[in-house]
Amino acid sequence: MTEAIRKSLRESPKARWTAMVVVSLSMFGAYYFNYALSPVKPILESALGWTSSDFGVYTSAYAWFNVYFLMLIFSGIILDRLGIKITGLGATVLMVVGTGVNYWAITAPFPAGAQVTLPLIGSIKTEVLLSSIGFAIFGVGSEATGITVSKAIVKWFKGKEMALAMGLQMSIARLGTALALAISLPLALHFTYRAPVAFAFILMLLGVIAFITYIVLDTKLDKSEEHIEVEEEEPFRLKDIVMIISNKAFWYIAILCVLFYGAVFPFLFYATDFIINKYHVSPSLAGLIPSLLPFGTIFLTPFFGGIYDKKGKGATIMIIGAIMLIVVHGFLSIPTLDNWIFAAAMVVILGIAFSLVPSAMWPSVPKIIPEKQLGTAYAVIFFIQNIGLMAIPLLLGVVLNSTNPNVSPNKTVIRKAVEMSYTKALQEQNITLDAKALNIAIEKTTSGVVDSIVESVSYVPTPQSEINVEKVENSIVANNLNMLGSPELGVSQEKVLDKMGSTFKKATFEVVTKEKLNIRYDYQYDILMFTLLGVLALLFAFLLKREDRIKGYGLEKPNIES
Ligand SMILES: NCCCC[C@H](NC(=O)[C@@H](N)CCCCN)C(=O)O
């Protein structure tokens, strides 16, 4: 392997830490954009009529091209063959293009209800499809930048504070996530729902500038090593992929990665709804609890990285993180522990686990795989991780629906009754609403009723066999119209619609709670699935430690060479 230790620019702490900060800034915008639209979901629902499943399609699009077109694998090979500079520049430009397409898609005036029909996906709103394509292009750029940044950090920090540097790189990236959680909604409320995407576009341009600055530093590093005696490395060849995938320890890390991230990211995706359903809290408080996690990791990931650099124990750190994962999900699955403060404490512990494992896992890869193969190695790990992050939420959805078979049909009953109530009341009051506005009003009223029942009422649901769906629907409609009463003269249409919304919420609430319809999701089996992922992660962390003992990779040794 290349050994360049005589007066290389790497020897200057100022130079290598500057390089770390500059290259990490190219990922800051990526992590911002990844989460920029989540807080804006309700606004997009009312402004563009997006539904939750539209959001599901949009979110999953991040991995489409990386997984189905193997773009991540190609990115890894390109990185190892063409180097950090070309790959990083191409990848950051791709993020700009993807964000630009996304912005255009939500700005272009498509006719209301414009849809396209695609094989496998079925009918999809034109703007959802186009913004998803933008997000998929962005996903290719973002993941390719991720592996490039990792390889760049190894280049500057091998034998030095590599885990601290990687930890700080992740912190800088997660600051982008924190920024998205903090400012996306205010930006959208103050300007328009397009503002967070426009801001992401600016961050992506800054990301390209940051990477160009990094290229200058990287070129200086290469120059500083030109005259140093180095043992020449063989260039990367395609057969190197075989070497990577025939390495047992590499597979243990890749599997540990997908299991561990699979028990964190998809949990965060479902966490708000899980907390509302199990801990009886309002959606706004429930939304705050999962956001504790990224904030904690900003400080803890570099902290644990620093420990790994100085004291070693990389495999042990991963084992501890996996144990914490099991404890957290295990406790969250216990039905009687239903206090939200307890849930918040568990999320904080999950944050510690989510700092421990990444702080040791990513810097361990260069101890197992030679530097010239690192791009491909990181790419294969990211690829497997992306497959898991696409598949696990789908599996969770299937488990949730099959363990709660009545919840979704009962919610449909409520929605249908609310829809019938609006149609009748609007007819009676001679108001014509366009289909989009009507749909939004129905969605808002339905989710308002469901949320307030789940938050504030606890009852043993009536067995489904005893529910007469038609009778329940008719009672809801009758109660809604009865409570609404006759039209008031001289009141604006806006006020009438507001009154309909609030009255229908109250009246529907009364009937649903009287009939004791089951509309609360029980997440127990999903959380047990996360616990199982944790158990498997622990198993692979132990296997990794054993393999390290056999092969002597040095995972338990400090990263800083003395
Ligand atoms: N030096 C390696 C850094 C990896 C950080 C890691 N990122 C990922 O795993 C990406 N593949 C992002 C996946 C996110 C998908 N929404 C991290 O911990 O963020």
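Everything numeric in this text was worked out from a predicted model, so none of it was measured.

(A) Region of interest: the overall build of the protein. Assigned secondary structure in the protein consists of 21 helices and two strands. Scaling as 2.2 N^0.38, a compact globule of 562 residues should have a C-alpha radius of gyration of about 24 Å, and the protein matches this with 26 Å. For the C-alpha atoms alone, the extent of the protein along its principal axes is close to 90 × 50 × 40 Å. Looking at the protein as a whole, 54% of its 562 residues are labelled buried. In the protein, the proportion of contacts linking residues at least 24 apart, taken out of those at least 6 apart, comes to 87%. When the accessible surface of the protein is summed, it comes to about 24600 Å², and 66% of that surface belongs to carbon and sulfur atoms. Considering the protein, the positive charge centre built from 45 side chains and the negative charge centre built from 42 side chains are found 4 Å apart.

(B) Examining the environment of Ser364 more closely. Along the chain, Ser364 falls in helix α15 (residues 340-368). Given a relative accessible area of 0%, Ser364 falls into the buried group. Setting aside anything within four residues of it in sequence, one finds Ser364 in contact with Ile253, Tyr308, Met318 and Leu555. Among the polar contacts made by the side chain of Ser364, one reaches the side chain of Tyr308 at a distance of 2.9 Å.

(C) Up close: a nonpolar patch on the surface. Among the surface-exposed residues, Leu70, Phe74, Ile78, Leu82 and Ile86 lie close enough to one another that they form a single nonpolar patch of about 460 Å² accessible area. With three residues, the top contributor of residues to the nonpolar patch is helix α4 (residues 71-82). With respect to the secondary-structure elements, Ile86 resides in helix α5 (residues 84-107). For Ile86, a relative accessible area of 53% puts it in the exposed group.

(D) Geometry of the environment of Ser246. Along the chain, Ser246 turns up in the loop between α9 (239-245) and α10 (248-262). Given a relative accessible area of 57%, Ser246 falls into the exposed group. A distance of 2.7 Å separates the side chain of Ser246 from the backbone oxygen of Val242, its partner in a polar contact.

(E) Region of interest: the site of the ligand. The ligand sits among 14 residues. The nearest are Tyr31, Glu143, Arg174, Tyr261 and Gln385. Glu143 is positioned with one of its side-chain polar atoms (N or O) 2.8 Å from a nitrogen atom of the ligand. Taking Tyr261, its side chain carries an N or O atom lying 2.5 Å from an oxygen atom of the ligand. Considering the ligand on its own, with 510 Å² of exposed area, one finds that the protein chains cover 92% of that surface. Those elements giving two or more residues to the shell around the ligand turn out to be α1 (13-36), α6 (126-157), α7 (162-190) and α16 (374-403).

(F) Main features of the pairing of strand β1 (residues 115-118). Sheet topology note: the β1/strand β2 (residues 122-125) ladder contains four bridges and is antiparallel. Within β2, the residue paired with Gln115 across the bridge is Lys125. Hairpin connection of β1 to β2: three residues between the antiparallel strands, including Leu120 at a positive phi of 75°.

The rules behind the values
- Residues numbered from 1 in each chain as written.
- Predicted model: local features only at pLDDT ≥ 70, side-chain atom pairs only at ≥ 80, totals over all residues.
- Heavy atoms only, no water.
- Helix = DSSP H or I, 4+ residues; strand = E, 2+ residues; numbered from the N terminus.
- Rg over C-alpha atoms; globule rule 2.2 N^0.38 Å.
- Buried < 20%, exposed > 50% of the residue type's maximum accessible area, 1.4 Å probe, protein only.
- Contact = heavy atoms within 4.5 Å.
- Areas by Shrake-Rupley, 256 points an atom, 1.4 Å probe, with all protein chains shown as cover.
- Lys, Arg positive; Asp, Glu negative; His and termini not counted.
- Charge placed at Lys NZ, Arg CZ, Asp CG, Glu CD.
- Polar contact = N/O pair within 3.5 Å; in protein donor to acceptor, adjacent residues only side chain to side chain.
- Patch = residues over 30% accessible without salt bridge, like charges linked within 9 Å, V, L, I, M, F, W, Y side chains within 5 Å.
- Salt bridge = Lys/Arg side-chain N within 4 Å of Asp/Glu carboxyl O.
- Near = heavy atom within 4 Å.
- Pairing = 2+ DSSP bridges.

Keep in mind these numbers describe shape, not what the thing actually does.
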